[in-house]
Amino acid sequence: TSAQIGVTGLAVMGRNLARNFARNGYTVALHNRTAAKTQALVEEFGHEGEFIATETAKEFVAALERPRRLVIMVKAGEPTDAVIKEFAPLMEPGDMIIDGGNAHFADTRRRERELREQDIHFVGTGVSGGEEGALLGPSIMPGGSQESYASLGPMLEKISAKAKDGSPCVTHVGPDGAGHFVKMVHNGIEYADMQLIAEAYQLLRDVAGYSPAQIADIFRTWNTGRLDSYLIEITAEVLKHVDAATGKPFVDVVQDRAEQKGTGRWTVQIALDLGVPVSGIAEAVFARSLSGHTELRAASKELAGPTARALSEAEAGAFADQVEQALYASKIVSYTQGFHEVAAGSEEYGWDIDLGSVAAIWRGGCIIRAAFLDRIRAAYDTRADLPSLLSDKTFAQEIGAAQDDWRAVLVAATQQGVPTPGFSAALAYYDALRADRLPAALTQGQRDFFGAHTYRRTDREGSFHTLWGADRSEVQA
Ligand code: 6PG
């Protein structure tokens, strides 16, 4: 017998993905650098389906039916290159190497190009949903050739999460690095979502005076409405949780330093290169890094702040409703920014990514899954070339309806000294986009003054320069 798919790298994600394939009726060849892990998987989960345990790279490759589908689930970066170097020489034209790790899309583009010379299809694939998703159905974002998707797609569709309407949460995102690019932006949006939720929590706690358990209930209620999402759901769980050792709320015994493995940072770095303003995502990344500067924070403890004002119960309840509006409005902005980045990447690299399909495959399985994504899909279905999510009528109307409360929340946050970088950046983006005139005109004037960088006029074509150091007459540049 031969395997329809092989998985090498049997840490938790690889192991669960292999089990997912097997549970869906595929014969799965297994390989791991240390063979003990392979054995352990077969011993523990062998009853779930057909596995072929292999030890050497040669055995592993030989166990796969042709064209081969070889999934690598190792650490992004050098370990991935090492595994490719090990397996590629053993493979033949038409075979596929599928990288399901969180690779940087630029690495994926390079690997795809290198392997193409050998006629091997390299399929950089975003996989989201954590351990549980990998096992029960992740959201899958494959790049690579159309040909590879024809062979691999049906299998991925089978093991993927399904959206509420039953459609599989996988699509051929686009060529070469498109899948990993989209996964990167997914993670950037994930960071932004998490930051916005965190700010909502802190406002409910510090301004409204609610306890973690009460806030958990508020989030639970929100989760039955338009904010219905996995991240809101787990937020309620985390906030409800009580530390067994101390009896304190779990959230009060965890060190307040957020870590990151890098995908959110990449989203911002690439956005800078592409000139896409992803300010909400950037603030989320910076908020994590600020939280980690414990010395800086300790040294700043004496800085003056406002005196807090306690809210009455009725005021607190009303404030919570306003926070829901602020959270929703800010969320619309971070998705607007994220989708702008996907569109810009698609344009830059010629990927022709269908934004509606991206929203569609994020509806289930992934960390940012949310009822909301079905509405984004609908917006792009109505108009595929929507210039911005904010230009969709429904979203524009909703954010317009939320803006008064959104501003009120930021007034309260500012007055009470609660940092809300995500909410604030989102509102600034919103106000900047709708502004008639931006102070960028002044910036241009300054640039022209000190560096003769020239400017354009509102009333005539062409570039101009004012002779600032002389008689201040204007010349055509
Ligand atoms: C997912 C997650 C996953 C992972 C992130 C977390 O989509 O399943 O995004 O990829 O949990 O790497 O990233 P940080 O460690 O950077 O928070």
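The structure we're discussing is the one just above.
For clarity, every value in this text was computed on a predicted model and none was experimentally measured. (Residues numbered from 1 in each chain as written. Predicted model: local features only at pLDDT ≥ 70, side-chain atom pairs only at ≥ 80, totals over all residues. Heavy atoms only, no water.)

Peer 1: What's the story with the sheet that holds strand 10 (residues 474-476) in this structure? I'm lost.
Peer 2: Backbone-to-backbone hydrogen bonds join strands into a sheet, with any given pair of strands oriented parallel or antiparallel. Strand order in the open sheet formed by three strands is 8-9-10, with antiparallel pairing between adjacent strands. Of all the strands in the sheet, just strand 8 (455-456) and strand 10 have a single pairing partner and so form its edges. (Pairing = 2+ DSSP bridges. Helix = DSSP H or I, 4+ residues; strand = E, 2+ residues; numbered from the N terminus.)

Peer 1: Got a minute to help me understand the packing of helix 8 (residues 178-206) against helix 15 (residues 313-349) in this structure?
Peer 2: In a pair of packed helices, the angle between the axes and the distance between the axes together describe the arrangement. Viewed as axis vectors pointing N to C, helix 8 and helix 15 meet at an angle of 165 degrees, and their least axial separation amounts to 10 Å. With respect to helix 15, the element helix 8 is oriented roughly antiparallel. In the crossing of helix 8 with helix 15, the sense of the turn from one axis to the other is right-handed. Touching F181, V182, M184, V185, I189, A192, D193, L196, I197, A200, L203 and L204 of helix 8 are F319, A320, V323, L327, S330, K331, S334, Y335, G338, E341, V342 and G345, all from helix 15. Per-class residue counts for the contact of helix 8 with helix 15 are 17 nonpolar, four polar and three charged. (Axes fitted to C-alpha atoms, helices over the stretch in contact; angles between N-to-C directions. Parallel < 35°, antiparallel > 145°, perpendicular 65-115°, else oblique. Left-handed = near helix turned anticlockwise from the far one by under 90°. Contact = heavy atoms within 4.5 Å. Nonpolar A, V, L, I, M, F, W, Y, C, P; charged D, E, K, R; others polar.)

Peer 1: What's the story with the environment of I5 in this structure? I'm lost.
Peer 2: Here I5 shows up in strand 1 (residues 5-8). What makes I5 buried here is its relative accessible area of 0%. (Buried < 20%, exposed > 50% of the residue type's maximum accessible area, 1.4 Å probe, protein only.)

Peer 1: Explanation requested: the site of the ligand in the structure shown.
Peer 2: The ligand sits among 14 residues. The nearest are S128, K183, E190, Y191 and K261. Interatomic distance of 2.8 Å between a side-chain N/O atom of K183 and an oxygen atom of the ligand. In the complex, the protein chains occlude 81% of the 420 Å² of accessible area that the ligand would expose alone. (Near = heavy atom within 4 Å. Polar contact = N/O pair within 3.5 Å; in protein donor to acceptor, adjacent residues only side chain to side chain. Areas by Shrake-Rupley, 256 points an atom, 1.4 Å probe, with all protein chains shown as cover.)

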